[in-house]
There are 2 protein chains.
Amino acid sequence: MLNSYSSADKVLLAVDCIIFGFDHQGLKILLIQRDFEPEKGKWSLIGGFLKRDEVLDNAAIRILNTYTGLNDIYMEQLYAYSEIDRDPVERTISVSYYALINIENHNTELIKNYHAEWFPIAEAPNLIFDHNEMVKNAIRRLRYRTSIKPIGFELLPEKFTMRQLLELYEAILSKELDKRNFISKINSLEILNKLDEKDMQSSRKGSYLYTFNKEKYEEKLLNDFVLNL
Amino acid sequence: MLNSYSSADKVLLAVDCIIFGFDHQGLKILLIQRDFEPEKGKWSLIGGFLKRDEVLDNAAIRILNTYTGLNDIYMEQLYAYSEIDRDPVERTISVSYYALINIENHNTELIKNYHAEWFPIAEAPNLIFDHNEMVKNAIRRLRYRTSIKPIGFELLPEKFTMRQLLELYEAILSKELDKRNFISKINSLEILNKLDEKDMQSSRKGSYLYTFNKEKYEEKLLNDFVLNL
DNA sequence: TTTATTAATGTAGATTTTACACTTACATAA
DNA sequence: TTATGTAAGTGTAAAATCTACATTAATAAA
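So, how was this worked out
Residues numbered from 1 in each chain as written. Chains lettered and ligands numbered in written order. Predicted model: local features only at pLDDT ≥ 70, side-chain atom pairs only at ≥ 80, totals over all residues. Heavy atoms only, no water. Pairing = 2+ DSSP bridges. Helix = DSSP H or I, 4+ residues; strand = E, 2+ residues; numbered from the N terminus. Near = heavy atom within 4 Å. Polar contact = N/O pair within 3.5 Å; in protein donor to acceptor, adjacent residues only side chain to side chain. Nonpolar A, V, L, I, M, F, W, Y, C, P; charged D, E, K, R; others polar. Domains from an automatic or database assignment. Contact = heavy atoms within 4.5 Å. Buried area = accessible area lost by both parts, 1.4 Å probe. Axes fitted to C-alpha atoms, helices over the stretch in contact; angles between N-to-C directions. Parallel < 35°, antiparallel > 145°, perpendicular 65-115°, else oblique. Least-squares fit on C-alpha atoms with pLDDT ≥ 70 in both. Buried < 20%, exposed > 50% of the residue type's maximum accessible area, 1.4 Å probe, protein only. Salt bridge = Lys/Arg side-chain N within 4 Å of Asp/Glu carboxyl O.

## Remarks on the sheet that holds strand E8 (residues 160-161) of chain B
As a general point, the strands of a sheet are linked pairwise by backbone hydrogen bonds and lie either parallel or antiparallel.
Residue and element names in this part refer to chain B.
Thinking step 1. Taking strand neighbours across the sheet as the criterion, the three strands line up as E8-E10-E9 in an open arrangement whose pairing is antiparallel. Lying at the two open borders of the sheet, with one neighbouring strand each, are E8 and strand E9 (192-199).
Thinking step 2. Across two bridges, the pairing between E8 and strand E10 (residues 207-212) is antiparallel. Across the sheet, residue phenylalanine 160 finds its bridge partner in E10, namely tyrosine 210.

And the structure:
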């Protein structure tokens, strides 16, 4: 019987996490220096093996936590990579996950202790196995996602300026956006609350701070929409 | 060592294929009646186990062929399902694949011999395991894909009428489209060749037949574009 | 009080999208 | 041969959206 369970092959199933972060310097990616063979010392995505009694989503969360100390990160599944020799040690299929986080909200010291490090996207080192490809695909997905869902929620501090939001979008899309058009498009979504408070860091005039309006934001998440930037 | 290969669990990895087809009656899905336990006799997606020396994409092709006789079908990977008890017999992670095919181009007799059957989407029976969810997600992906890539190529006969193309889009999107606006949008893509030939089946006047212009079509596939229907 | 710096703001023209109805071609039946 | 019925084919005007673009405003520092 072709389809009998007992005669089917079992394989190792891994999860690799592509963690994007944003700070005042732009879009970054979190990588670790492998502390085990093969490729010990080389840079890699944060990854590990799925356990028998574990759902993939949870494996991603556990592995991210194990290697970076990061907690409560919402990740989305991306793609299963299955080239025969992608891992030279043993046949391993890897499912990639990605997330967007606010670098400043997370303990940079902690991350460092785990030998994890943030790299500006453009300056990321070469990665082991097929991790470069995984990152490339994740960036594509991130850009696509940007066009159909509002983002920023996860990446900016609670209170942020229009300029910060603009720079976030510019970093993700890696292109310049017209400031006035951007602001009016964002405003037309009605997902921001303009505060009375100003941020005085950036200029003498100071710029208004905004927060996300969670309710409206969730509403937008439901009905797919297109944001043409 | 947390991350050692030898101590990691191995699991069964399956592939399930969501095959969409289109004919004059509308959008359909290909299902098989399981001829093995558990759930023998119930309807299910076409699925099977990944082999140790096989890439997922090829497993999907092999499995589809094994259970339906279908050949040369291009499938796209969708999502990995990993709920612990999704398969009651043994822990199995399943990666879903989907494809769009032209029902009339494929041997219906052959498919029947394999106990596979086409069901109109709306009339599909309840499926085993988490297959209903897989189908739901695949339909969503199909609709999304429709908005960013031209489709039809795979689903229509070589020569087809505008009405057929319109009906295909209406079936996938499950909404009515304005005939004139649809035609002018499609024409603006410049991916069709209008033939001198007419199809006389559908009306006394007869309607012009079209073919896809493969080159232009491939070109469009490269540059992502948005088709707002 | 002058200067320098970034924030904030509006509009006109171009493009795209939408809604909508009549004429044409032909086969069939009278 | 003529009349009739059926689906095919076609255009436009109004609305909405997108794009490009430049000046004034607020404030701190000199």
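## Some remarks on the protein's contact with DNA strand D
Thinking step 1. The environment of DNA strand D is formed by 17 residues, the closest being Arg204(A), Arg163(B), Lys179(B), Arg204(B) and Tyr208(B).
Thinking step 2. Each atom of DNA strand D within 4 Å of the protein belongs either to a base or to sugar and phosphate, the latter forming 44%.
Thinking step 3. In this structure, Lys205(A) approaches DNA strand D through a side-chain N or O atom, which is 3.4 Å from a base nitrogen.
Thinking step 4. Mapped onto the surface near DNA strand D, the elements with two or more residues apiece are helix H5 (179-189) of chain A together with helix H5 (179-189) and E10 of chain B.
Thinking step 5. Here the surface near DNA strand D takes three residues from H5(A), the largest share from any one element.
Thinking step 6. Tallied by class, the residues present in the surface near DNA strand D amount to one nonpolar, six polar and 10 charged.

## Structural notes on the protein's contact with DNA strand C
Thinking step 1. As a matter of local geometry, DNA strand C sits amid 17 residues, with Arg163(A), Lys205(A), Tyr208(A), Arg204(B) and Lys205(B) nearest to it.
Thinking step 2. The share of sugar and phosphate among atoms of DNA strand C within 4 Å of the protein is 45%.
Thinking step 3. Between DNA strand C and the protein, one listed contact pairs a base nitrogen with a side-chain N or O atom of Arg180(B) at 3.2 Å.
Thinking step 4. A distance of 3.3 Å separates a sugar or linking oxygen of DNA strand C from a polar backbone atom of Arg204(B).

## Remarks on the domain arrangement of chain A
Residue and element names in this part refer to chain A.
Thinking step 1. With domains assigned, chain A is organised as domain 1 (12-148) and domain 2 (160-222).
Thinking step 2. Taking the mean C-alpha position of each, domain 1 and domain 2 sit 28 Å from one another.
Thinking step 3. Taken together, the contact between domain 1 and domain 2 spans six residues of the former and nine residues of the latter.
Thinking step 4. Together domain 1 and domain 2 conceal approximately 690 Å² of surface at their shared face, both sides included; 69% is due to carbon and sulfur atoms.
Thinking step 5. Together, Phe22, Arg143 and Thr146 form the three largest contributors to the area buried by domain 1 at its contact with domain 2, with a combined 67%.
Thinking step 6. One can count two residue pairs in polar contact (both at pLDDT 80 or more) joining domain 1 with domain 2.
Thinking step 7. It is helix H3 (residues 131-148) that provides the largest number of residues to the side of domain 1 that touches domain 2, a total of four residues.
Thinking step 8. For the side of domain 1 that touches domain 2, the residue count by class is three nonpolar, one polar and two charged.

## Details of the packing of helix H4 (residues 162-173) of chain B against H5(B)
All names here are of chain B.
Thinking step 1. Two numbers describe how H4 lies on H5: the axes approach to 11 Å, and their chain directions differ by 100°. Between H4 and H5, the interaxial angle falls into the category roughly perpendicular. Of the residues in H5, those in contact with Met162, Leu165, Leu166 and Tyr169 of H4 are Lys179, Phe182, Ile183, Ile186 and Asn187.
Thinking step 2. Across the contact of H4 with H5, the residue classes break down as seven nonpolar, one polar and one charged.

## Quick notes on the relation of the copies chain A and chain B
Thinking step 1. In screw terms, the move from chain A to chain B is a rotation of 180° and a rise of 0.0 Å along the axis, fitting with an RMSD of 0.1 Å. Taken together, the turn and the small shift mark the pair as related by a two-fold rotation axis.
Thinking step 2. Both copies contact each other with a shared surface, as 100% of the interface residues of chain A are interface residues in chain B too.

## A closer look at the environment of Leu56(B)
All names here are of chain B.
Thinking step 1. With respect to the secondary-structure elements, leucine 56 resides in helix H1 (residues 56-68).
Thinking step 2. Judged by relative accessible area, leucine 56 falls into the buried class, the value being 0%.
Thinking step 3. Put simply, leucine 56 and valine 95 are 39 residues apart on the chain and 8.1 Å apart in space, counted from C-alpha to C-alpha.

## Observations concerning the interface of chain A and chain B
Thinking step 1. Contacts between the two partners involve 43 residues from chain A and, on the opposite side, 43 residues from chain B.
Thinking step 2. At the boundary of chain A with chain B, total buried surface from both sides reaches about 4000 Å², with 58% on carbon and sulfur atoms.
Thinking step 3. Glu90(A) is the partner of Lys10(B) in a salt bridge, and the nearest nitrogen-oxygen pair spans 2.7 Å.
Thinking step 4. If you look at where chain A meets chain B, you find 15 residue pairs in polar contact (both at pLDDT 80 or more).
Thinking step 5. Broken down by secondary-structure element, the contributors of at least two residues to the side of chain A that touches chain B are strand E1 (10-23), strand E4 (46-49), helix H1 (56-68), strand E5 (76-81) and strand E6 (92-102) of chain A.
Thinking step 6. Residues of the side of chain A that touches chain B, tallied by class, amount to 22 nonpolar, eight polar and 13 charged.

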